[in-house]
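These are the residues of each chain, in order.
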Amino acid sequence: MQITPRLLPLPHRVKTAPKNHATRPFLPDFRPQPRNPPHPYLALSVPSRAPCLHRDMAQKLRITILESDPERARMIVDGLCDAGDFTITILGNETSLNQRLSELDPHVVLVDIANPSRDTLESLSLASGANKRPVAMFVDRSDPELTKAAIDAGLSAYVVDGLTKNRIKPILDAAIARFNMVSQIRNERDAAKAALAERKTIDRAKGLLIAAKGISEEEAYALLRKTAMNQGRKTADIAHALVTASELLK
């Protein structure tokens, strides 16, 4: 009796690429990632859930940490890991701080310094741009004079002996909220001062027109507005040009 061999079906079919087509298998990267990146300059990204700081929702919050101690810097980073989607940069010293912050352009700056002085507070505040972004400073000691200096320097948060992992996020939130509040007040103040200056300029321009043309105040203001509309400019700009021209003709 002749036996004909049979090929048993495979459990599944495997598709193979054409011989003339180079393929590269996808292999997940199981290489361990470094847990202690190089210091004093470190850049890393951590997932988080932080509050928005008047920015594009698709953009990560950029945080720069000024810390010379790698262990304390790691504690700050660990404290931020539960807070949002951050891009974190650590600076290990104050060398060329202003230039490096200009290049990094962070949304928030966190500073940890053991024994600050008044000059240190002012220089760090100026270099970190406390009027441009929230700046939170952690110190080991302080006194009423230093606290006042920190407020005068425009720091959004000044924390004495409070650098612990579980306090990083609340302090970050408070610094951002206070900065936004102070910025709104500052913008409203600047807008009020600008409006007052424009009002004074328009009043001076009306006085010049009244003296030169012998018209009433209402007619002088109407003339300024008509000229501004014809030229596509603001009434205050026309008034400023008129005042400037009158001063040149004196």
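These numbers come from a predicted model, not from an experiment.

Colleague: What is the right way to look at the pattern of salt bridges in this model?
Modeller: Side-chain pairing between opposite charges can occur once the charged atoms of the two side chains come close. Enumeration over the complete set of coordinates arrives at 13 salt bridges. Among the salt bridges present, the one from Glu67 reaches Arg72, with a minimum N-O distance of 3.7 Å. Several salt bridges converge on common partners, so that one network encompasses Glu67, Arg72, Asp112 and Asp140.

Colleague: I would appreciate a short explanation of the packing of helix 5 (residues 168-213) against helix 7 (residues 235-248) in the present structure.
Modeller: Two numbers describe how helix 5 lies on helix 7: the axes approach to 8 Å, and their chain directions differ by 55 degrees. Between helix 5 and helix 7, the angle is such that the two are oblique. The element helix 5 and its partner helix 7 pack so that their crossing is left-handed. Touching Glu198, Thr201, Ile202, Arg204, Ala205, Leu208 and Leu209 of helix 5 are Thr235, Ala236, Ala239, His240, Leu242, Val243, Ser246 and Glu247, all from helix 7. Of the residues belonging to the contact of helix 5 with helix 7, the class tally is 8 nonpolar, 4 polar and 3 charged.

Colleague: Explain helix 7 here, please?
Modeller: Residues three or four positions apart in an α-helix share a direction because the helix packs 3.6 residues into each turn. Given a rise of 1.5 Å per residue, 14 residues ought to cover 20 Å, and the 20 Å separating the end C-alpha atoms of helix 7 matches this to within 8%. Those residues of helix 7 lying buried are Thr235, Ala236, Ile238, Ala239, Val243 and Ser246. Viewed end-on, helix 7 has its buried residues packed into an arc of 160 degrees, placing them on one side of the element. Close packing links the buried residues of helix 7 with helix 5 and helix 6 (217-231).

Colleague: Explanation requested: the pairing of strand 3 (residues 86-91) in the structure shown.
Modeller: Residues in a regular strand project their side chains so that they alternate between the two faces of the sheet. Taking burial as the measure, the 6 residues of strand 3 include 5 buried ones, the bulk of the element. As paired elements, strand 2 (residues 61-66) and strand 3 share 6 bridges and run parallel to each other. Among the inter-strand pairings, Ile63 is bridged to a residue of strand 3, identified as Ile88. Since strand 2 and strand 3 lie parallel, the crossover through helix 1 (residues 70-80) that links them has a hand, and here it is right-handed.

Colleague: Would you mind showing me how to read helix 1 here?
Modeller: By the burial criterion, the buried members of helix 1 are Ala73, Ile76, Val77, Gly79 and Leu80. The arc enclosing the buried residues of helix 1, seen along the axis, measures out at 160 degrees, which places them on a common side. At the N-terminal end of helix 1, a side-chain oxygen is found 3.0 Å from the backbone nitrogen of Glu71, two or three residues along, and the residue is Asp69.

Colleague: Sorry if this is basic, but what is going on with the environment of Ala114 here?
Modeller: Positionally, Ala114 belongs in the loop between strand 4 (108-113) and helix 3 (118-128). Measuring from C-alpha to C-alpha, the distance between Ala114 and Asp161 comes to 9.0 Å, with 47 residues separating the pair along the chain. Leave out the neighbours within four places in its chain, and Ala114 touches Val139, Asp140 and Arg141.

Colleague: Help me out: how do you make sense of the packing of helix 6 against helix 7 in this one?
Modeller: Packed helices, taken two at a time, are described by their axes: the angle between them and the distance between them. One can describe the packing of helix 6 onto helix 7 by two numbers: an axis separation of 8 Å at closest approach and a directional angle of 110 degrees. It follows that helix 6 is roughly perpendicular to helix 7 by the angle criterion. On helix 7, the residues touching Tyr221, Leu224, Arg225, Thr227, Ala228 and Gln231 of helix 6 are Thr235, Ile238, Ala239 and Leu242. Of the residues in the contact of helix 6 with helix 7, the class split is 6 nonpolar, 3 polar and 1 charged.

Colleague: Is there a simple way to explain the environment of Cys81 in this structure?
Modeller: With respect to the element layout, Cys81 can be found in the loop between helix 1 and strand 3. The spacing of Cys81 and Lys169 is 88 residues in sequence and 9.2 Å in space, taken between C-alpha atoms.

Colleague: Even after reading the chapter, I still don't get the nonpolar core, so can you show me in this structure?
Modeller: One finds Ile63, Ile65, Leu80, Phe86 and Leu110 to be the most contacted residues of the largest nonpolar core, which totals 23 residues. Of all the secondary-structure elements, those providing two or more residues to this core are strand 2, helix 1, strand 3, strand 4, strand 5 (135-139), strand 6 (157-160) and helix 5. Top element by residues in this core is helix 5. It accounts for 5 residues. Discounting chain neighbours no more than four positions away, the residues touching Ile63 are Leu80, Phe86, Thr87, Ile88, Thr89, Val108, Leu110 and Leu172. Counting residues in hydrophobic clusters, the runner-up holds 18 residues, among them Leu91, Val109, Leu121 and Ala149.

About the cut-offs
- Residues numbered from 1 in each chain as written.
- Predicted model: local features only at pLDDT ≥ 70, side-chain atom pairs only at ≥ 80, totals over all residues.
- Heavy atoms only, no water.
- Salt bridge = Lys/Arg side-chain N within 4 Å of Asp/Glu carboxyl O.
- Axes fitted to C-alpha atoms, helices over the stretch in contact; angles between N-to-C directions.
- Helix = DSSP H or I, 4+ residues; strand = E, 2+ residues; numbered from the N terminus.
- Parallel < 35°, antiparallel > 145°, perpendicular 65-115°, else oblique.
- Left-handed = near helix turned anticlockwise from the far one by under 90°.
- Contact = heavy atoms within 4.5 Å.
- Nonpolar A, V, L, I, M, F, W, Y, C, P; charged D, E, K, R; others polar.
- Expected span 1.5 Å × (residues − 1).
- Buried < 20%, exposed > 50% of the residue type's maximum accessible area, 1.4 Å probe, protein only.
- Arc of directions from axis to C-beta.
- Pairing = 2+ DSSP bridges.
- Right-handed = clockwise from strand over helix to strand, strands pointing away.
- Polar contact = N/O pair within 3.5 Å; in protein donor to acceptor, adjacent residues only side chain to side chain.
- Core = buried A, V, L, I, M, F, W, Y, C linked by side-chain atoms within 4.5 Å.

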